[in-house]
Amino acid sequence: MEFLGIRFEMLESIWSYRELFIRGIWVTLGLTAAGYVGGFILGLIVGLGKLSKSKWFYYPAKYYVDFFRGTPLLVQILLIHTALIPSLFGHSLGYFVSGVLALTLNSAAYNAEIFRAGIQSIDKGQMEAARSLGMPHNTAMKLVILPQAFRRMIPPLGNELIALLKDSSLLMVIAASDILYAGKVVAGVYQRFWEPYLTVAALYLILTFACGKLINYIENRFSNSYVPSSRRSIFTMRRSEPGGGLR
């Protein structure tokens, strides 16, 4: 049976390669998770650097962000895999190391701008109030500013996670055995392109949908209006009516 060039009997053939697709899913998730965690940590450092009044921290952070946001991720992947790592170690360290490094460095540039904007969105009076209470600058940033800014940064940080998940497909150019690689193998075997690449698209759609749900949960969990439980504590007493006992 065929519809718009799609042969439904090909689904059985694709199912026979399910182990390859399952492995591709795990590789994609591993690359994305490692790259995002690294980009989150490095992005926070670079973002604080862009807020620094010292030129020794500000300008390196600024040029870093400008470079990695201003050049294509695909070019960065190729430079790291074929030039940087072989120059440093004398040989390639495999697609996973190169892929994680490329995703980390690229994600950090975008996360740095998210952290910078989030921190600057907090009223300056918050820092002044914390300093007036005797808090050192670093302590005030850690205990007062960052917790408030983090709530505002959750949506853009979530968008960056979804973007990084999709961008990880570019690592196929360095032979990463991810979801797109699995689709390419099946397409090459059967010389059919509709069915394998639609399967790839469906898998990415499922993963991004799951990430979106997770982000929505975290956003609601850390929102100012979040109520952990509607149950009243047994130690909580209601206000008494005038002239009467407890309600």
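These figures come from a predicted structure and were not determined experimentally. Numbering of residues begins from 1 in every chain and follows the order in which that chain's sequence is written. Selection of residues for local features in this predicted model requires a pLDDT of at least 70, selection of side-chain atom pairs for listing and counting requires 80 or more, and totals for whole chains, interfaces and linings are taken over all residues. Only hydrogens and water are removed before side-chain values are computed, so all heavy atoms of the structure are retained for them.

Peer 1: Describe the nonpolar core, with residues and values.
Peer 2: Among buried residues, those of type Ala, Val, Leu, Ile, Met, Phe, Trp, Tyr and Cys that are joined through side-chain atoms within 4.5 Å constitute a nonpolar core. A 1.4 Å probe rolled over the protein chains alone gives each residue an accessible area, and that area as a share of the maximum for its type sets the label: buried under 20%, exposed over 50%, partly exposed in between. Of all hydrophobic cores here, the largest spans 51 residues; its most connected members are Phe21, Leu31, Tyr64, Ile145 and Leu171. Elements with a contribution of two residues or more to this core: α2 (18-51), α3 (55-70), α4 (73-89), α5 (95-120), α6 (124-132), α7 (137-167), α8 (179-190) and α9 (194-221). A run of H or I in DSSP becomes a helix once it reaches four residues, and a run of E becomes a strand once it reaches two; helices and strands are each numbered from the N terminus. Considering every element that reaches this core, the biggest residue donor is α7, with eleven residues.

Peer 1: Tell me what's going on with the environment of Asp123, and back it up with residues and numbers.
Peer 2: Topologically, Asp123 is positioned in the loop between α5 and α6. Overall, the relative accessible area of 55% leaves Asp123 in the exposed class. It is 9.1 Å that separates the C-alpha atoms of Asp123 and Ile145, two residues lying 22 residues apart in sequence.

Peer 1: With reference to specific residues and values, describe α9.
Peer 2: Counted at 1.5 Å a residue, the expected span for α9 with its 28 residues is 40 Å, and the 40 Å between its end C-alpha atoms agrees. Those residues of α9 that fall on the buried side of the exposure criterion are Glu195, Pro196, Thr199, Val200, Leu203, Tyr204, Leu207, Thr208, Cys211, Gly212 and Ile215. The length a helix should cover is 1.5 Å for every residue beyond the first.

Peer 1: Kindly report on the packing of aromatic side chains, identifying the contributing residues and their values.
Peer 2: Planes of paired rings set the category: under 30 degrees apart is stacked, over 60 is edge-to-face and the rest tilted, where pairs are Phe, Tyr or Trp rings (Trp by its six-membered ring) whose centres lie within 6.5 Å. Inspection of the entire model under this criterion finds eight aromatic pairs. Between Tyr64 and Phe68, the ring centres sit 4.7 Å apart and the planes meet at 45°, which makes this aromatic pair tilted. Of the two residues, Tyr64 and Phe68 both sit in helix α3, four residues apart, roughly one turn of that helix. The interplanar angle of 10° and the centroid separation of 6.4 Å between the aromatic rings of Phe193 and Tyr197 together place this pair among those described as stacked. Take Tyr197: its relative accessible area is 30%, and that puts it in the partly exposed class. One aromatic cluster is present, formed by Tyr36, Phe40 and Phe115 through successive ring pairs.

Peer 1: Mind laying out the packing of α3 against α5, listing which residues take part and the relevant values?
Peer 2: If you want to describe how two helices pack, look at the angle between their axes and the distance between the axes. Close contact between α3 and α5 brings their axes to 9 Å; oriented N to C, the two are set at 120°. For α3 against α5, the interelement crossing comes out left-handed. For the pair formed by α3 and α5, the contact residues are Tyr64, Val65, Phe68 and Arg69 on the first element and Thr104, Leu105, Asn106, Ala108, Ala109, Tyr110, Ala112 and Glu113 on the second. Every axis corresponds to a line fitted to the C-alpha atoms, with the helix fit spanning only the stretch in contact, and the corresponding angles, defined between N-to-C directions, vary from 0 to 180 degrees. Crossing handedness follows the turn of the near helix against the far one: under a right angle anticlockwise gives a left-handed crossing, and clockwise gives a right-handed one. The contact criterion used is simple: two residues touch if any of their non-hydrogen atoms lie within 4.5 Å.

Peer 1: Give a detailed account of the side chain of Ser98, specifying residues and quantitative values.
Peer 2: Counting through the fold element by element, Ser98 comes out in helix α5. In the analysis that follows, any N or O atom pair within 3.5 Å is treated as a polar contact, provided that within protein one partner can donate a hydrogen and the other can accept it, and provided that, for residues neighboring in sequence, both atoms belong to side chains. Of the polar contacts made by the side chain of Ser98, one reaches the side chain of His81; its length is 2.8 Å. If we skip the residues at most four places from it in the chain, Ser98 touches Ile80, His81, Ile85 and Ile174.

Peer 1: Before we move on, could you go through the pattern of salt bridges and cite the residues and values that matter?
Peer 2: Here, a salt bridge means any Lys or Arg side-chain nitrogen found within 4 Å of an Asp or Glu carboxyl oxygen. With the rule as written, the count across this model stands at five salt bridges. Its salt-bridge partner being Arg116, residue Glu113 comes within 3.2 Å of it at the nearest N-O pair. Within this pair, Glu113 and its partner Arg116 are both found in helix α5, separated by three residues, close to a single helical turn. On the basis of relative accessible area, Arg116 is assigned to the partly exposed category, the value being 21%. Here the salt bridges share partners, and the residues they tie into one network are Lys50, Arg69, Glu113 and Arg116.

Peer 1: Tell me about the environment of Arg152, and please be specific about residues and values.
Peer 2: Inspection of the secondary structure assignment puts Arg152 in helix α7. Residues Arg152 and Phe222, 70 residues apart in the sequence, show an inter-C-alpha distance of 9.5 Å. Sequence-distant contacts of Arg152, that is, excluding residues within four places in its chain, are made with Ser121 and Ile122.

Peer 1: Explain unusual backbone geometry to me, using residue names and the numbers behind them.
Peer 2: Look at Ala175: it is not a glycine, yet its phi comes out positive at around 70°. Position of Ala175 relative to the elements: it lies in the loop between α7 and α8. You can call Ala175 partly exposed: its relative accessible area is 48%. Backbone geometry places Gln191, a non-glycine residue, at a positive phi of 55°. Looking at where Gln191 falls in the secondary structure, it is placed in the loop between α8 and α9. Given the relative accessible area of 55%, Gln191 is considered exposed.

Peer 1: Quick one: what's the story with the confidence of the model for the protein, residue by residue and with numbers?
Peer 2: Within a predicted model, pLDDT stands for the predictor's per-residue confidence, ranging from 0 to 100. Looking at the protein as a whole, its pLDDT mean stands at 85, while 86% of the residues score no less than 70. Within the protein, strand β1 (residues 2-3) has the poorest average pLDDT of any element, 50, and α2 the best, 95.

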